[in-house]
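So you can see what is in the structure, the chains are spelled out below.
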Amino acid sequence: MFKGSMPALVTPFNNGELDLDALKRLVEWHIAEGSSALVPVGTTGESPTLTHDEHEAVIAEVVKAAAGRVPVIAGAGSNNTVETIRFVEFAQQAGADAALVVTPYYNRPTQRGLVAHFTAAHDCADLPIIIYNIPGRSVVDMTPATMGELAKLPRIIGVKDATGDIARVSQQRAACGADFVQLSGEDATALGFNAHGGIGCISVTANVAPRLCAEFQAATLAGDYAKALAYQDKLMPLHEAIFIEPGLVGAKYGLSKLGLCSEEVRTPLTGLEDSTKAAIDAAMDYAGLL
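Just so we're clear, the structure is a prediction, and the values are computed from it rather than from any experiment.

Trainee: Can you lay out the side chain of E61 for me, pointing to particular residues and giving the numbers?
Mentor: Here E61 shows up in helix α2 (residues 52-66). When sequence neighbours within four positions are dropped, the list of residues in contact with E61 reads L20, L23 and K24.

Here it is as structure tokens:
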């Protein structure tokens, strides 16, 4: 069910408020462009600056708009286990197909603490859970051995791996089994990730280039790495430009150039420097998006 190109959806704003009309337009566009799943209210969806009510409203709107045409993997992470349980339970009630649960950030739990946190998330609902391992943001790294322990639970089904370490895919296959769903969380290394056994990417760039990212993923899953490399060459400048500043800001700017949503973000994030805008413009032009 979970493979291919899955945009980590931005959350559109209009004068500081959720722009649910723009969000619905994005859902329709991504489905039409070939995205294989949608991932609302992750970090790219500005979950750190959404209220709990806003967080849940976005999930509900995306599930409703997708209407079963593609799976919805709802962001449900927090560094507070009680809040994580709330979000996982809500995701199930709203009709999401899975929950994306990040390793708890800032409080730096041990591996034993990670097992306790994810076990609680697993046990609170009947929803499949995808671990989100992103040590660059959470300052804690789930080891393959810990992931293997969690993979024994029936609803811990996969990982969004944003370590940037391609060897992890093979290590996690050994620890978790070949059927464990491994999704890249880093656009620039998604080619190598899939070559090692990954089956998709929860992508920031796919916000702006969903069709190219979907076709790139399809090529890797068909084993046509020559074709995938041609897509990688076309997309690499965009991967890099979007992340000159925080990636969600770059993604929103790119979407604004396509007339799909405002580039507005919430502080502490700010709009892009002109030099970054120019780099994204050039990369979008190179990829044939403008």
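Trainee: A description of the layout of surface pockets should follow, citing residues and the corresponding values.
Mentor: Approximately 550 Å³ is the volume attributed to the largest pocket. For the lining of the largest pocket, the secondary structure elements donating two or more residues are α2, α3 (81-94), β5 (98-102) and α5 (135-138). Taken together, the residues that form the lining of the largest pocket break down as 14 nonpolar, eleven polar and four charged. Looking at the second largest pocket, its volume works out to about 420 Å³. I134, R137, G185, V204 and F243 are, among the 24 residues lining the second largest pocket, the residues nearest its centre. Among the elements of the structure, α5, β9 (200-203) and α11 (247-257) are those that each provide at least two residues to the lining of the second largest pocket. Split by residue class, the lining of the second largest pocket holds twelve nonpolar, eight polar and four charged.

Trainee: Can you explain the pairing of β5? Please cite residues and give values.
Mentor: Extensive coverage of β5 is indicated by the burial of five of its five residues. Of the two faces of β5, the one holding A98, L100 and V102 and the one holding A99 and V101 are both buried throughout. Inspection of the sheet shows strand β4 (residues 73-75) paired to β5 by three bridges, in the parallel sense. Looking at the pairing, I73 lines up with A98 of β5. After leaving β4, the chain enters α3 and then returns to the sheet as β5, a path that is right-handed. Bridge analysis of β5 against strand β6 (residues 129-133) gives four bridges, and the strand direction is parallel. Residue L100 lies in a different strand from β6, and its bridge partner there is I130.

Trainee: Run through the packing of aromatic side chains, naming residues and quoting values.
Mentor: Each aromatic ring pair is described using two quantities: the centre-to-centre distance and the angle formed by the ring planes. All chains considered together, the criterion is met by zero aromatic pairs. Over the ring of Y132 we find K160, and its NZ or CZ is 4.0 Å from the ring centre.

Trainee: Tell me what's going on with the pairing of strand β8 (residues 181-184), and back it up with residues and numbers.
Mentor: Of the two faces of β8, both are covered, the one formed by V181 and L183 as well as the one formed by Q182 and S184. Two strands pair when backbone bridges link them, and strand β7 (residues 156-161) and β8 are joined in this way by four bridges, in the parallel orientation. Bridging across to β8, D161 finds its partner in S184. Taken together, β7, helix α7 (residues 167-176) and β8 form a β-α-β motif whose crossover is right-handed. Two strands pair when backbone bridges link them, and β8 and β9 are joined in this way by two bridges, in the parallel orientation. Directly across from S184, in β9, lies its bridge partner C201. Following the chain from β8 across helix α8 (residues 190-195) to the adjacent parallel β9, one finds a crossover that is right-handed.

Trainee: I'd like a description of the nonpolar core, backed by residues and values.
Mentor: If you look at the biggest cluster of nonpolar residues, it comprises 42 residues, and the most contacted ones within it are V62 and I131. Tallying contributions element by element places α2 first for this core, with six residues. The contact partners of I131, leaving out residues within four places of it in the chain, are L100, V101, F118, M142, M147, L150, I156, G158, V159 and K160.

Trainee: Outline the pattern of salt bridges, supporting the account with residue identities and numerical values.
Mentor: Enumeration according to the criterion identifies ten salt bridges in this entry. In this structure, the salt-bridge partner of R69 is E28, at a minimum N-O distance of 2.7 Å. Taken together, the residues R69 in the loop between α2 and β4 and E28 in helix α1 (residues 20-32) connect sequence positions 41 residues apart. For R69, a relative accessible area of 43% translates into the label partly exposed. One salt bridge connects K257 with D281, and the closest N-O pair in it is separated by 3.7 Å. Residue K257 is located in helix α11, and its partner D281 is located in helix α12 (residues 274-286); the two are separated by 24 residues in the primary sequence. Among the residues examined, K257 registers a relative accessible area of 39% and is labelled partly exposed. Within the structure, one salt-bridge network assembled from shared partners comprises D53, E56 and R86.

Rules behind the numbers
Residues numbered from 1 in each chain as written. Predicted model: local features only at pLDDT ≥ 70, side-chain atom pairs only at ≥ 80, totals over all residues. Heavy atoms only, no water. Helix = DSSP H or I, 4+ residues; strand = E, 2+ residues; numbered from the N terminus. Contact = heavy atoms within 4.5 Å. 1 Å grid on protein atoms, 1.4 Å probe; cavity = no way out; pocket = protein on both sides within 12 Å on 5 of 7 lines; lining within 4 Å. Points joined across faces, edges and corners; volume = space filled by probe spheres on them. Nonpolar A, V, L, I, M, F, W, Y, C, P; charged D, E, K, R; others polar. Buried < 20%, exposed > 50% of the residue type's maximum accessible area, 1.4 Å probe, protein only. Pairing = 2+ DSSP bridges. Right-handed = clockwise from strand over helix to strand, strands pointing away. Phe/Tyr/Trp six-rings, centres within 6.5 Å; stacked < 30°, edge-to-face > 60°. Lys NZ or Arg CZ within 6 Å of the ring centre and 35° of its normal. Core = buried A, V, L, I, M, F, W, Y, C linked by side-chain atoms within 4.5 Å. Salt bridge = Lys/Arg side-chain N within 4 Å of Asp/Glu carboxyl O.

As far as function goes, none of this settles anything; it's purely spatial.
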